[in-house]
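# A structural walkthrough
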Amino acid sequence: MTDLTADAPVPRGHVKAPEPGPPGIAALRRVPPPTPPGALSNALVFGWRAILKFRHVPEQLFDLIMTPIMFTLLFTFVFGGALAGSTGDYLQYFLPGILVQTVVFNSVYSGMGLSTDFQKGLFDRFRTLPIWSLAPFAGLMVGDVLRHLIAGGIILGIGLALGYRPEAGLIGTLAAFAMLLTIGFGMGWVFIVLGLLVRTPMTVMTLGFTILFPITFASNIMVDPATMPSWLCSFVEVNPVSLMTTALRGLMSGTASLSQIGLALIAPVVLTMALAPVVLWLYRRR
């Protein structure tokens, strides 16, 4: 039977009830908007971007891997006998130092990556997004952490194969790597500032290594400063790289004191506190 009332006119003064819509629409309208992502979430997204760079540009790993391998092998076998009497004794002294040197050198890549992104206009796009201002730089730091872990693991593996033995065992080694990551995090801010000030990645690298070579080679990484002239020895003893190396040797040998660890952490903490606001200021100005 045909329903004659379906299309019947509505009497004056009455309102026709709305026909029910699809069952899900009303429910969707009651769903509150998603919570905006926080600073940590933003940083993790940009950190994942930094990790993907290794996947899409694997040749970046060549410099990262080959440089520490060459330093470790050359200094151990070419200079080890002359400096310490045997390559084994020298390796015990040298390997913690080369870990510090590698982390400090790898920090330059933060500034180079930042300068490259600015050249491509990526940071102009990042500036328009509703994200934490320091999130892109946090992503660079995550990439640094990955580089430090890869390079440090390779150097330690080579050292173990050559006969290096950390007397503090696994706990001391893990503590040493935690300190390495702290050192790399603090040093990275220096080269992020350079990346914001300098226009080309190659210039960032040149200036970076111009700064790093004097403070790494004029340190106790490779030789005992007692053999140096008194004026140079005075500098080496207060060189932040020397303080970091001394603490790392102590952690891996089980002889580190709280004062050594505290002195080693002064430079990374001060650099982070002083340069993070400068990075944000430069980023907003550029």
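Residues numbered from 1 in each chain as written. Predicted model: local features only at pLDDT ≥ 70, side-chain atom pairs only at ≥ 80, totals over all residues. Heavy atoms only, no water.

## Describing the overall build of the protein
Heads up, the rule is: Helix and strand definitions follow DSSP, with helices as H or I runs of at least four residues and strands as E runs of at least two, each counted in order from the N terminus. Only heavy atoms enter the contact rule, under which two residues are in contact if any of them lie within 4.5 Å. Residue-level accessible areas treat just the shown protein chains as cover; the underlying method is Shrake-Rupley with a 1.4 Å probe.
Along the backbone of the protein there are 12 helices and zero strands. Counting from the amino terminus, the protein carries its helices and strands in the arrangement α-α-α-α-α-α-α-α-α-α-α-α. Taking the intrachain contacts of the protein between residues at least 6 apart in sequence as the baseline, contacts between residues at least 24 apart amount to 77%. Element-wise, carbon and sulfur atoms account for 70% of the exposed surface of the protein, whose accessible area totals about 15900 Å².

## Thoughts on the packing of helix α4 (residues 87-106) against helix α5 (residues 108-120)
Formally: Axis definition: a line fit to C-alpha positions, over the contact stretch in the case of helices; interaxial angles, taken between N-to-C directions, run 0 to 180 degrees. Angular relationships are summarised with four words: roughly parallel below 35 degrees, roughly antiparallel beyond 145, roughly perpendicular across 65 to 115, and oblique for the angles in between.
In the contact formed by α4 and α5, the axes pass within 4 Å of each other and the chain directions differ by 15°. One element, α4, and the other, α5, form an angle in the roughly parallel class. Of the residues in α5, those in contact with Val-104, Phe-105 and Asn-106 of α4 are Val-108, Tyr-109 and Ser-110.

## Digging into a nonpolar patch on the surface
Put simply, the test is: For patch building, the residue pool is restricted to those with more than 30% relative accessible area and no salt bridge; the joining distance is 9 Å between like charges and 5 Å between nonpolar side chains (Val, Leu, Ile, Met, Phe, Trp, Tyr). For this document, the term salt bridge refers to a Lys or Arg side-chain nitrogen within 4 Å of an Asp or Glu carboxyl oxygen.
Among the surface-exposed residues, Phe-62, Met-66, Met-70, Leu-74, Val-78, Phe-79 and Leu-83 lie close enough to one another that they form a single nonpolar patch of about 670 Å² accessible area. Residue position: Leu-74 is located in helix α3 (residues 60-84).

## With respect to the pattern of salt bridges
Just so we agree on the cut-off: For every residue, the accessible area (1.4 Å probe, protein chains only) is compared with the maximum for its type, and the residue is labelled buried under 20%, exposed over 50%, or partly exposed between those bounds.
For the structure on display, the rule yields two salt bridges. Close ionic contact of Arg-49 with Asp-117 constitutes a salt bridge, the shortest N to O distance being 3.2 Å. Of this pair, Arg-49 sits in helix α2 (residues 39-56) while Asp-117 sits in helix α5; the two residues are 68 residues apart in sequence, bridging distant segments of the chain. When its relative accessible area of 25% is taken as the criterion, Arg-49 is described as partly exposed. Owing to a relative accessible area of 3%, Asp-117 belongs among the buried residues under this scheme. A salt bridge links Asp-144 to Arg-147; its shortest N-O distance comes to 2.2 Å. One end of the pair, Asp-144, and the other, Arg-147, are both in helix α7 (residues 135-162), three residues apart, so they sit about a helical turn from each other. Comparing Asp-144 with Arg-147 shows no difference in burial state: the two are buried.

## A look at the UniProt feature "transmembrane region" (unreviewed entry) in the protein
The line we're drawing: UniProt positions are given in the numbering used here, feature names are shortened, and annotations may be inferred rather than shown by experiment.
In the numbering used here, UniProt assigns the feature "transmembrane region" (unreviewed entry) to residues 61-84, 90-109, 129-162, 174-197, 204-223 and 261-283. In residues 90-109, helix accounts for 95% and strand for 0%; the two terminal C-alpha atoms are 29 Å from one another. Across residues 261-283 one finds 100% helix and 0% strand; the C-alpha atoms that close the span lie 33 Å apart.

## Describing the environment of Gly-139
On the secondary structure map, Gly-139 appears in helix α7. For Gly-139 and Gly-47, which are 92 residues apart along the polypeptide, the C-alpha to C-alpha distance reads 3.8 Å. Not counting residues up to four positions away in its chain, the partners in contact with Gly-139 are Ala-43, Phe-46, Gly-47 and Ala-50.

## Structural notes on the environment of Phe-209
Summarising the element assignment, Phe-209 is placed in helix α9 (residues 201-217). The spacing of Phe-209 and Val-108 is 101 residues in sequence and 7.8 Å in space, taken between C-alpha atoms. Not counting the four nearest positions on each side in its chain, Phe-209 is found in contact with Phe-105, Val-108 and Pro-214.

## Focus: α2
Worth spelling out the cut-off: Take the residue count of a helix, subtract one, and multiply by 1.5 Å to get its expected span. By construction, the arc corresponds to the directions joining the helix axis to the C-beta atoms.
Counted at 1.5 Å a residue, the expected span for α2 with its 18 residues is 26 Å, and the 26 Å between its end C-alpha atoms agrees. When α2 is considered as a whole, its buried residues turn out to be Asn-42, Ala-43, Phe-46, Gly-47, Ala-50 and Phe-54. For α2, the arc enclosing every buried residue in end-on projection is 140°, short of the 170-degree limit, so these residues lie on one face. Turned more than 90 degrees away from the buried face of α2 sit Leu-44, Val-45, Trp-48, Arg-55 and His-56, all of them exposed.

## Some details on the packing of aromatic side chains
The test is simple: Stacked, tilted and edge-to-face are the three classes applied to pairs of Phe, Tyr and Trp rings, where Trp contributes its six-membered ring and a pair requires centres within 6.5 Å; stacked means planes under 30 degrees apart, edge-to-face means over 60, and tilted covers the rest. The criterion is that NZ of a Lys, or CZ of an Arg, lies within 6 Å of the ring centre and within 35 degrees of the ring normal, and then a charge sits over that ring.
Taken as a whole, this structure holds 11 aromatic pairs when the rule is applied. Between the aromatic rings of Phe-75 and Phe-79, the centroid separation amounts to 5.1 Å while the plane-to-plane angle is 40°, which identifies the pairing as tilted. One end of the pair is Phe-75 and the other is Phe-79, both in helix α3 and four residues apart, which spans about a single turn. In this structure Phe-79 comes out as partly exposed when scored by relative accessible area, which is 40%. Among the aromatic residues, those joined into a cluster by ring pairs are Phe-71, Phe-75, Phe-79, Tyr-90, Phe-94, Phe-105, Phe-209, Phe-213 and Phe-217. The ring centre of Tyr-93 lies 3.7 Å from the NZ or CZ of Arg-249, which sits over that ring.

## Structural notes on the confidence of the model for the protein
Stated formally: pLDDT runs from 0 to 100 and stands for how confident the predictor is about each residue.
Looking at the protein, the pLDDT average stands at 83 and 88% of residues meet or exceed 70. Looking at the elements of the protein, mean pLDDT is at its lowest for helix α1 (residues 23-29), recorded as 54, and at its highest for helix α11 (residues 240-253), recorded as 94.

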